[in-house]
Amino acid sequence: MKKLAVLGSTGSIGTQTLEVVRENPDLKVTALSAGRNLELLEAQAREFKPELVSLQDEKAAETLAVRLADTDIQVLSGMDGLLAAATEQTADIVVTAVVGMIGIRPTIAAIEAGKDIALANKETLVTAGHLIMPFAKVRGVTIFPVDSEHSAIFQCLNGETGNQISKILLTASGGPFRGQTREQMKSVRLEDALKHPNWTMGHKITIDSSTMVNKGLEVMEARWLFGVGVDDVQVVVQPQSVIHSMVQFADGAVMAQMGVPDMKLPIQYALLYPKRRHMPGERLDFWSLQSIDFEAPDFENFPGLSLAYEAGRAGGSVPTVFNAANEWAVAAFLRREIGYLDITDIIGEAMARHKRKENPGLEDILETEAETYCSISGRI
Ligand code: NDP
Ligand code: MG
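Each chain carries its own residue numbering, running from 1 in the written order of its sequence. Each chain gets a letter, beginning with A, and each ligand a number, beginning with 1, in the order they are written. With pLDDT at 70 or above as the cut-off, local features in this predicted model cover only qualifying residues; side-chain atom pairs require 80 or more to be listed or tallied, and sums for whole chains, interfaces and linings still use all residues. With hydrogens and water set aside, each side-chain value is computed from the structure's full complement of heavy atoms.

Quick look at the pattern of salt bridges
Here comes step 1: Definition used for salt bridges: Asp or Glu carboxyl oxygen within 4 Å of a side-chain nitrogen of Lys or Arg. Here the structure, examined in full by the defined rule, presents 25 salt bridges.
Here comes step 2: Between Asp26 and Arg277 there is a salt bridge, and its shortest N-O distance comes to 2.8 Å. With Asp26 in the loop between helix 1 (12–23) and strand 2 (27–34) and Arg277 in the loop between helix 12 (264–272) and helix 13 (286–289), this pair connects stretches of sequence that are 251 residues apart.
Here comes step 3: Exposed residues in this analysis have more than 50% of their type's maximum accessible area, buried residues have under 20%, and partly exposed residues fall in between, with area computed by a 1.4 Å probe over protein chains only. Take Asp26: its relative accessible area is 29%, and that puts it in the partly exposed class.
Here comes step 4: Residue classification places Arg277 among the partly exposed positions, given a relative accessible area of 35%.
Here comes step 5: A salt bridge links Arg36 to Asp57, with the nearest nitrogen and oxygen atoms 3.7 Å apart. In this text, helices come from DSSP runs of H or I with a minimum length of four residues, and strands from runs of E with a minimum of two, each type numbered from the N-terminal end.

Observations regarding the packing of helix 11 (residues 213–226) against helix 15 (residues 318–334)
Here comes step 1: Axis definition: a line fit to C-alpha positions, over the contact stretch in the case of helices; interaxial angles, taken between N-to-C directions, run 0 to 180 degrees. As a packed pair, helix 11 and helix 15 sit with axes 12 Å apart at the nearest point and diverge in direction by 150 degrees. Overall, the two elements helix 11 and helix 15 adopt an arrangement that is roughly antiparallel. Considering how the two elements wind past one another, helix 11 and helix 15 form a crossing that is left-handed. Contact residues: Val213, Leu217 and Met220 in helix 11; Pro319, Phe322, Asn323 and Asn326 in helix 15.
Here comes step 2: Any residue outside Ala, Val, Leu, Ile, Met, Phe, Trp, Tyr, Cys, Pro, Asp, Glu, Lys and Arg is labelled polar, Gly included; the first ten of those are nonpolar and the last four are charged. When the residues that make up the contact of helix 11 with helix 15 are grouped by side-chain class, the tally is five nonpolar, two polar and no charged. Oblique is the label for any angle not under 35 degrees, not over 145, and not in the 65 to 115 range, which are roughly parallel, roughly antiparallel and roughly perpendicular in turn. We call a crossing left-handed when the near helix sits turned anticlockwise from the far one by less than a right angle, and right-handed when that turn is clockwise. Here a residue-residue contact requires only that any non-hydrogen atoms of the pair lie within 4.5 Å.

Remarks on the site of ligand 1
Here comes step 1: Residues are labelled near a given molecule or strand when at least one of their non-hydrogen atoms is within 4 Å of it. As a structural note, the neighbourhood of ligand 1 is formed by 24 residues, with Thr10, Gly35, Arg36, Asn37 and Glu123 the closest of them.
Here comes step 2: Polar contact is the term for a pair of N or O atoms within 3.5 Å; when the atoms are in protein, one must be able to donate a hydrogen and the other to accept it, and sequence-neighboring residues count only if both atoms are side-chain atoms. With respect to ligand 1, the backbone of Ser12 contributes an N or O atom lying 2.9 Å from an oxygen atom.
Here comes step 3: Residue Arg36 places a main-chain N or O atom 2.7 Å away from an oxygen atom belonging to ligand 1.
Here comes step 4: Burial of ligand 1 by the protein chains amounts to 85% of its free accessible area of 900 Å².
Here comes step 5: Among the residues forming the shell around ligand 1, the class breakdown is 10 nonpolar, 10 polar and four charged. Exposure was quantified through the Shrake-Rupley algorithm and a 1.4 Å probe, taking into account, for residues, occlusion by the shown protein chains and nothing else.

So, in C-alpha cells, the structure goes:
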C-alpha cells in the first residue's frame, strides 16, 4: 500500500490524481488540501477518508469542520494546515498540485519529513530549484515529475544512467494563438485565452500555455529536474501534443515518449514508478494520426519564452521575478483588469527593474516575490 498526501486536491491535477487512486486499490490517501472549495473537499474527504484535510480559507475550514464532525477526520486551515498536509506522518509521497509559489514551503517541509514528491507545481522548482534539488538529495527523497513533458523526459531516461544527454527536446503545442502576431493578439479576450487546443487544465496554466510562459517555466523546471543548462533545453512546437518530449543523447539517438494527451498517465507513472499498469482510456492510433508536425517556436511574437530563457540564464533571484510577475499579471488578466499583451510586458518590465541577488535563500525568494508584486502594483 502506498500512502499519499494531495496538495491542491480540488484542482485539475488534484482531481485527476484522485481518479488514479480510484483505479488503483493499493494507493491510499492520507491528507488532502485545497484553497476554498469546501463542497468538493468534503465529498473527497468522505470518499477517500484521509487522516486530515486542510483549506487555505479559515472561514471555509470552520464550516468544513462542522460538516465533518461525524467523522474522525482532522480539519485544519491556512499555511499551517497546508504544511501539516505536506508532512502527514503516514504519507510516503506528496503530490504537489497547488498552483503558484505558495507550493515552496510545503514542498520543502515534505522533503524535510522524508517524503517523496510527485511534482506538478512547477513554480516551486522555477523559483527554488537551487534549494530543493540538493535538499532532496541530502534527505534521500525522489522527485517524480508529473508535468507531462518532464514525465516524458524522465521516461526517456529510463536505463540511461551515466549516458550523456546532449539535448532535451521539450515539446510545446504552441497554444491557441500559434501563428498569430502580437498585433493580432491585441484583441484577445479572456474567453479566447482559456481555450487550449489539446489539454483541459486550471485557469492559470491555461493562460500560461497561451502566452508560452508555461513553456518558459518548463525550460527552467527541466533544468533543475535533469541537471542540464537552460540552453541544453530546446523547445520544439508539435501542435498535436502526441510527442510529450524527447531526449537526444551524445551519439545522436533521440528517444521520444508518445501517447494520447492525458495527465492521468504521468500522474500514475509518478505514483507507481517503476511499474506500468493498465490505464483505461484512448490509445494512439497511428493509422488515423498519419502525420506529426514540427515547428520552431516564435520567440518574437511570444516574448514570454525569450524572457524565460533570459531569466534562466541569469539565475539567482531573476527566475523568481519572472514567475512572480507572471503570477501577478495572470491573476489580474483573469480578473479582467489588464489586457492580454500586458502579461508579458509586465514580466519584461519587472525583470528590467530588478537588481539580481545571487543564491537566494527561502526568505530572499519570498521577499523578491513581495517586492515584485509591489513594484508592479506601484506602476499600474
Ligand atoms: P487548479 O487551479 O486547477 O488547482 C489548484 C489547486 O490548488 C486547487 O485545489 C486549489 O484549491 C488549490 N489552491 C489554490 N490556492 C491555494 C492556496 N493558497 N493554498 C492551498 N491550496 C490552494 O490548478 P492545476 O491543477 O491546473 O495546476 C496545479 C499545478 O500543476 C500548477 O503549478 C500547474 O502549473 C501544474 N500543472 C498542471 C497541469 C494540468 O494539466 N492542469 C499540467 C502540468 C502541470 P481551490 O479549488 O479550493 O481553489
Ligand atoms: Mg507541461
